[in-house]
Amino acid sequence: MIKKKKIIVGNWKMNVDILPEAKKLVSGVKKKTSKIRKTEVVFCPPFVYLQGIAGMMGRGSTAKWKLGVQNVSTEDVGSYTGEVSARQLKQFNTAYAIIGHSERRKMGETDEQINKKVLATLRAKISPILCVGEQVHDEDGAYLEVVKGQLTKALKGVAKNDILDCVVAYEPVWAIGATVAMNSHDIHEMTLYIKKCLRDIFGSFAGSVAVLYGGAVNPTNIEDIVRDGCVDGVLVGRDSLDVVNFSEIVRIVEEIK
Ligand code: PGA
């Protein structure tokens, strides 16, 4: 059986001020990761850079470097000032769209909107990277219900045929931007739990949906996070803005398997 590629997503957030800097970041990472075979790197820049860097990505589903976005409209077309549709994003060969990131949920994004965004993204043949994660990892385990609820609501109405095109990023909110990531044992447990939830909703085949971890991932902790092969990749914030650190994360993941 061909092993699935690990996915390393770089979420630039609202960083990088000018296009030349964006290009430099992409070309720097490409140069340092040119030999990857078992890993897929996804750059998620602000919308304004998509056109400028789209040509630097590979073509087709087996490309080493792919383009992603950090948000998408709930709608396909129409009078929605300031919004960008998945349909429009497709022209830049956008392969992925981060949806429901905790920073967007904090700005007021609801489960219903997240669900609509997932469906709009799938209609445009872009893979949603659905972010879920609890605010607090409480001792009573209430976080399990929180994550299950987020998954169930966000994936409502997704066809069985489409679920394998989805990616889930488990990002405990308290670990995002923190100095320390969640410990690898808990990451492993949550990854298995998310896969179980997906199987319960869609059937046993949904256990092969890619589940990533995000929150304070860096070159020092990446080995521990991916070593046992449970997570299918990582979502990186801060360190995706640093050519050396991001490339090092990719290198370590590539060498582990
Ligand atoms: P971080 O961000 O790597 O800076 O913790 C992760 C994220 O927000 O996805």
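Residues numbered from 1 in each chain as written. Predicted model: local features only at pLDDT ≥ 70, side-chain atom pairs only at ≥ 80, totals over all residues. Heavy atoms only, no water.

Caption draft 1: Region of the structure containing helix 5 (residues 111-123). A rise of 1.5 Å per residue sets the reference length of helix 5, with its 13 residues, at 18 Å; its end C-alpha atoms lie 18 Å apart and thus fit the reference within 8%. Turning to helix 5, its buried residues number three or more, namely Ile114, Asn115, Lys117, Val118, Ala120, Thr121 and Leu122. Directly beyond the C-terminal end of helix 5, a positive phi value near 60° is found at Lys125. (Helix = DSSP H or I, 4+ residues; strand = E, 2+ residues; numbered from the N terminus. Expected span 1.5 Å × (residues − 1). Buried < 20%, exposed > 50% of the residue type's maximum accessible area, 1.4 Å probe, protein only.)

Caption draft 2: Region of interest: the pairing of strand 5 (residues 127-132). The element strand 5 is largely enclosed, with a buried count of six among its six residues. Burial along strand 5 is two-sided: the residues Ser127, Ile129 and Cys131 and Pro128, Leu130 and Val132 are all buried. As paired elements, strand 4 (residues 94-99) and strand 5 share four bridges and run parallel to each other. When the sheet's bridge partners are listed, Tyr96 is paired in strand 5 with Ser127. Relative to strand 6 (residues 167-170), strand 5 runs parallel, the two being bridged by four bridges. From the neighbouring strand, Leu130 faces strand 6, where its bridge partner is Val168. (Pairing = 2+ DSSP bridges.)

Caption draft 3: Quick look at the site of the ligand. Residues in contact with the ligand, as listed here, are Lys13, His101, Glu171, Ala175, Ile176, Gly177, Gly215, Ala216, Leu235, Val236, Gly237 and Arg238. Between the ligand and the protein, one listed contact pairs an oxygen atom with a side-chain N or O atom of His101 at 2.8 Å. Burial of the ligand by the protein chains amounts to 99% of its free accessible area of 280 Å². Its residues assigned to classes, the shell around the ligand shows five nonpolar, four polar and three charged. (Near = heavy atom within 4 Å. Polar contact = N/O pair within 3.5 Å; in protein donor to acceptor, adjacent residues only side chain to side chain. Areas by Shrake-Rupley, 256 points an atom, 1.4 Å probe, with all protein chains shown as cover. Nonpolar A, V, L, I, M, F, W, Y, C, P; charged D, E, K, R; others polar.)

Caption draft 4: Focus on the packing of aromatic side chains. Scanning the entire structure with this criterion turns up three aromatic pairs. Seen from their ring centres, Trp12 and Phe43 are 6.5 Å apart, and the 75° between their planes marks the pair as edge-to-face. Here the residue Trp12 occupies a position in the loop between strand 1 (6-11) and helix 1 (19-32), and Phe43 occupies one in strand 2 (residues 39-44), the gap between them amounting to 31 residues. As far as the burial class goes, Trp12 and Phe43 line up, both buried. On the numbers, 6.4 Å between centres and 55° between planes, the contact of Phe43 with Phe246 is tilted. With Phe43 in strand 2 and Phe246 in helix 10 (residues 243-256), this residue pair connects regions lying 203 residues apart in the sequence. Taken as a pair, Phe43 and Phe246 share a single burial class, namely buried. Among the aromatic side chains, those forming a connected cluster through ring pairs are Trp12, Phe43 and Phe246. (Phe/Tyr/Trp six-rings, centres within 6.5 Å; stacked < 30°, edge-to-face > 60°.)

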